[in-house]
Structure formats: structure tokens, C-alpha cells
Amino acid sequence: MSTLILDPQSVPVIGMDEHLPAVPAERLTAAALRQRFANPPPWQPETRADGRDATIQAKAEASVLVPLVEHADGSLHVLLTQRTAHLKAHAGQISFPGGRAEPTDADTVTTALREAQEEVGLEPARVQVIGSLPAYTTITAFRVTPVVGLLSVPYELRIDPFEVAEAFEVPLAWLMTPAHHRRHRIELDGAPRQFLSMPWTAAGSQREYFIWGATAAMLRNLYRFLAA
């Protein structure tokens, strides 16, 4: 769906999810996440495809890395990237580092770590993979597996300027608070479509990062997993 909406920020907000509880702080530590992925509770992802469109047939496999950065105070932040404006697909959008699987990749984890190294220079040895979320199918027909990994500070990035305009962090606690999740509705090809957004502005900054589409949907599935 994200490729069909030229200006998602102009799509009306039809609601926010402040009625849903935030994930408790004690579940948002590195140790708690390791334990939860090792022993997952019964749960279901909120959505598995763009626009809840179950008719999308995936044509290619891909993986993204969901890097959770552990800071000295124990807080976790999600490392995200903004794609460059000239790319043919998802130009300028906020995303996780990742991309299409290669024939030489052993599995989804290999793809996620390789792509993260290529896009932002994140060394695979620095990432402790703790699990994966259910695959998500994009409107561009990629079946994307989100691979979740822990990363400690300090870390060094070497951004590929062709693909990535910048990398930034958002507190995991903020993203796991549904009061920050906005619901949008639009008519496309005569059918109603909905999508989530999570607009983020860092303290002391006026710059807003509009997190939406597949990235927001995967974060919402992470919320469902951690809140279950």
C-alpha cells in the first residue's frame, strides 16, 4: 500500500489507540525480550499484509533487521533508517535495514544481517539475534521476515549514501505505547484502506519522522507480541 499513496501524511487520521495499554516497562529490557522470544506466549499478529490485503501473493523473499539498541541506563531504542529520495521503491520512507534475499543466504537471519551490513555498515558480530516475528507481505509483493536483534552502545555505522539518507533511534517504550499509534483511512481503487502511522519527534527537535506503512505494521505486530 505504501507505494500507492504519494503523500501519506495528508491522509486523514480517523483515530488513535489510547484505549490500548502500553507494554509494561519490565517487559522492555534486553533480558525480558530474550526470555519472551525464547518462550513466546500464545498470540496473533494484528496484520500480515499491507492494507490487510490477504490476496497479495508474495513473489520474493526478504528480511529486515529490527535492531534494538541497549543504552547504558538499560533502555532500548529501535534503530531505523530513512531511505534516499531517488530510490524507485519506497523512496524517502522510514524503514528497518534490510532487503531481498540472495540465493547464497542460508536463511532469513543471514539476509537481515547481510543487508544491515550493506546498508548501514552494522557488523553482524555486534548483533545478538533473539528471534523473529511472523512474515509480512508488502504491496510490492515481498514476503518480509522481521529479525529482532540486540545491539549495545557504542556502535559504529557506515551508511551507504545511495540507499540510506540517515539513521536514527526511537525509544522502544514510545513505540510500544499505542496512544502514539494513529489510524488513517483512504479510498484506493474504490476500496477502503487503512494504515498506521507513528510520527516521531525527538525531544528538543522540530524534525518529525513519519513512520508508517509496513514499518509501522511490523512495529504494531511487535507490540502485540510483547503485550500478549
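Coordinates for the structure precede this section.
Residues numbered from 1 in each chain as written. Predicted model: local features only at pLDDT ≥ 70, side-chain atom pairs only at ≥ 80, totals over all residues. Heavy atoms only, no water.

Draft legend 1. Quick look at unusual backbone geometry. A cis geometry characterises the amide bond from Val-153 onward to Pro-154, with omega recorded as -5 degrees. Backbone geometry places Ala-141, a non-glycine residue, at a positive phi of 70 degrees. Considering the arrangement of structural elements, one finds Ala-141 in the loop between strand 7 (136-137) and strand 8 (142-152). (Helix = DSSP H or I, 4+ residues; strand = E, 2+ residues; numbered from the N terminus.)

Draft legend 2. Representation of the packing of aromatic side chains in the model. Enumeration over the complete set of coordinates arrives at five aromatic pairs. The interplanar angle of 65 degrees and the centroid separation of 5.3 Å between the aromatic rings of Trp-43 and Phe-225 together place this pair among those described as edge-to-face. Here Trp-43 is found in the loop between helix 1 (30-38) and strand 2 (60-70), whereas its partner Phe-225 is found in helix 4 (residues 213-227), with 182 residues between them in sequence. As far as the burial class goes, Trp-43 and Phe-225 line up, both buried. Ring geometry for Trp-174 versus Trp-200: centroids 5.2 Å apart, planes at 70 degrees, classification edge-to-face. In this pair, Trp-174 is assigned in helix 3 (residues 172-175) and Trp-200 in strand 11 (residues 191-201), connecting sequence segments 26 residues apart. Here Trp-200 falls in the buried class, since its relative accessible area comes to 12%. Grouped by ring-pair contacts, the aromatic residues Phe-37, Trp-43 and Phe-225 constitute a single cluster. (Phe/Tyr/Trp six-rings, centres within 6.5 Å; stacked < 30°, edge-to-face > 60°. Buried < 20%, exposed > 50% of the residue type's maximum accessible area, 1.4 Å probe, protein only.)

Draft legend 3. Main features of the pairing of strand 11. In terms of strand pairing, strand 10 (residues 182-188) meets strand 11 through seven bridges, oriented antiparallel. For Ile-186, the partnering residue across the bridge sits in strand 11 and is Arg-193. Where strand 10 folds back on strand 11, the antiparallel hairpin that results is connected by two residues, among which Asp-189 adopts a positive phi of roughly 55 degrees. Pairing analysis gives five bridges linking strand 11 to strand 12 (residues 208-212), with the strands arranged antiparallel. When the bridges of strand 12 are listed, Pro-199 appears paired with Phe-210. Between strand 11 and strand 12, which pair antiparallel one after the other, the connecting turn spans six residues, and Gly-204 there sits at a positive phi close to 80 degrees. (Pairing = 2+ DSSP bridges.)

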